[in-house]
Amino acid sequence: MTAVPAEPGPFVFDPDTTALVVIDMQRDFLEPGGFGSALGNDVSLLSAAVEPLQRVLAATRELGMTIIHTREGHRPDMADCPPAKFARGEFIGTDSPKGRILIRGEYGHDIVDELAPLPGEVVLDKPGKGSFYATDLELMLRNAGVKSLIVTGVTTEVCVHTTVREANDRGFECLVLSDCCGSYFPEFHEVALRMISAQGGIFGWVGSSSDLLAALPIGARA
Ligand code: TIU
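What you see is a predicted model, and the numbers here were worked out from it, not measured in a lab. (Residues numbered from 1 in each chain as written. Predicted model: local features only at pLDDT ≥ 70, side-chain atom pairs only at ≥ 80, totals over all residues. Heavy atoms only, no water.)

Next up on the list: the side chain of Glu72. As for its placement among the helices and strands, Glu72 is situated in strand E4 (residues 66–72). Within the structure, Glu72 has its side chain in polar contact with the side chain of Lys129 (distance 2.8 Å). Excluding anything up to four places from it in sequence, Glu72 contacts Asp24, Gln26, Phe29, Lys85, Leu102, His109, Lys126, Gly128, Lys129 and Cys159. (Helix = DSSP H or I, 4+ residues; strand = E, 2+ residues; numbered from the N terminus. Polar contact = N/O pair within 3.5 Å; in protein donor to acceptor, adjacent residues only side chain to side chain. Contact = heavy atoms within 4.5 Å.)

This paragraph deals with the nonpolar core. Membership of the largest hydrophobic core comes to 39 residues, with the highest contact counts inside it found for Met25, Phe29, Leu30, Leu115 and Leu212. Mapped onto this core, the elements with two or more residues apiece are strand E2 (11–13), strand E3 (18–23), helix H1 (27–30), helix H3 (50–62), strand E8 (148–154), strand E9 (173–182) and helix H8 (209–215). With 5 residues, the top contributor of residues to this core is H3. Excluding its chain neighbours within four sequence positions, the residues that come into contact with Leu212 are Val4, Phe13, Val56, Ile150, Leu175 and Leu177. Counting residues in each nonpolar core, the second largest holds 23 residues, with Phe172, Val176, Leu193 and Phe203 among its members. (Core = buried A, V, L, I, M, F, W, Y, C linked by side-chain atoms within 4.5 Å. Buried < 20%, exposed > 50% of the residue type's maximum accessible area, 1.4 Å probe, protein only.)

What follows concerns the pairing of E8. Counting buried positions over the 7 residues of E8 gives 7, a clear majority of the element. Here E8 shows no split at all, with Ser148, Ile150, Thr152 and Val154 on one side and Leu149, Val151 and Gly153 on the other all buried. Here E3 runs beside E8; their pairing, made up of 6 bridges, is parallel. Counted as the bridge partner of Ile23 is Gly153 from E8. Pairing between E8 and E9: 6 bridges, direction parallel. Each bridged residue has a counterpart across the sheet, and for Gly153 the counterpart in E9 is Cys181. This β-α-β element, E8 to helix H6 (residues 156–169) to E9, shows right-handed connectivity. (Pairing = 2+ DSSP bridges. Right-handed = clockwise from strand over helix to strand, strands pointing away.)

Counted under the stated rule, the structure contains 0 disulfides. Between Cys174, a cysteine without a disulfide, and Cys181, which holds the nearest cysteine sulfur, the sulfur-to-sulfur distance is 11 Å. Here Cys174 falls in the buried class, since its relative accessible area comes to 1%. Free cysteine: Cys180, not disulfide-bonded; nearest cysteine sulfur from Cys181 at 6.9 Å. Classification of Cys180 by relative accessible area gives buried; the value is 0%. (Disulfide = S-S within 2.5 Å.)

Here we take up the packing of aromatic side chains. Counting across every chain of the model gives 6 aromatic pairs. Positioned above the aromatic ring of Tyr107 is the side chain of Arg27, whose terminal nitrogen or guanidinium carbon lies 3.7 Å from the ring centre. (Phe/Tyr/Trp six-rings, centres within 6.5 Å; stacked < 30°, edge-to-face > 60°. Lys NZ or Arg CZ within 6 Å of the ring centre and 35° of its normal.)

Written out as structure tokens, the structure reads:
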């Protein structure tokens, strides 16, 4: 077993039964011209998560851990976009410099080059904020014998939080890496992380990539 210093206490896990989940590190959220920009956000606030996440990806790849990349978005005909979601984001499906916003198959919908998935890694398309809703994520994790998740990505208080809540209710133990997540609202990032580890870890654990890398049985270090 591996133990990582974390809040509210050490996160103990077996890398063989743990998956790294990288949530929605898509151009539409991290680069200008996409969904994040259309919502009025400063997308540069998310870029700090990229480098630490590259190190975590390298280490988890070296260990042969299960790696899941998620992408929020919709079918080209938007049959899976709830009218209530569209009503608060009428730019979904409209043209941008990087293609139709949040539409599968478009350049902007895909993951940023720095974190591109490798063959064999799962790329999970999801229509909602949570990674379990209307996807086969739980089935794949159960089939792979996964018990714990290391959760990263954007944004901390939206898709990361929703996914951690969904995972916690399904019995998965989640370590959220604070420096591998990001928000357009720094104060939301901080409070969202505190909400996870408060009350004895009500939804999970919060730690850092450097502490994870130091604990993993590999050569890669931050
Ligand atoms: N991936 C994700 O968090 N989707 C969002 O819409 N996030 C916002 O913060 N808007």
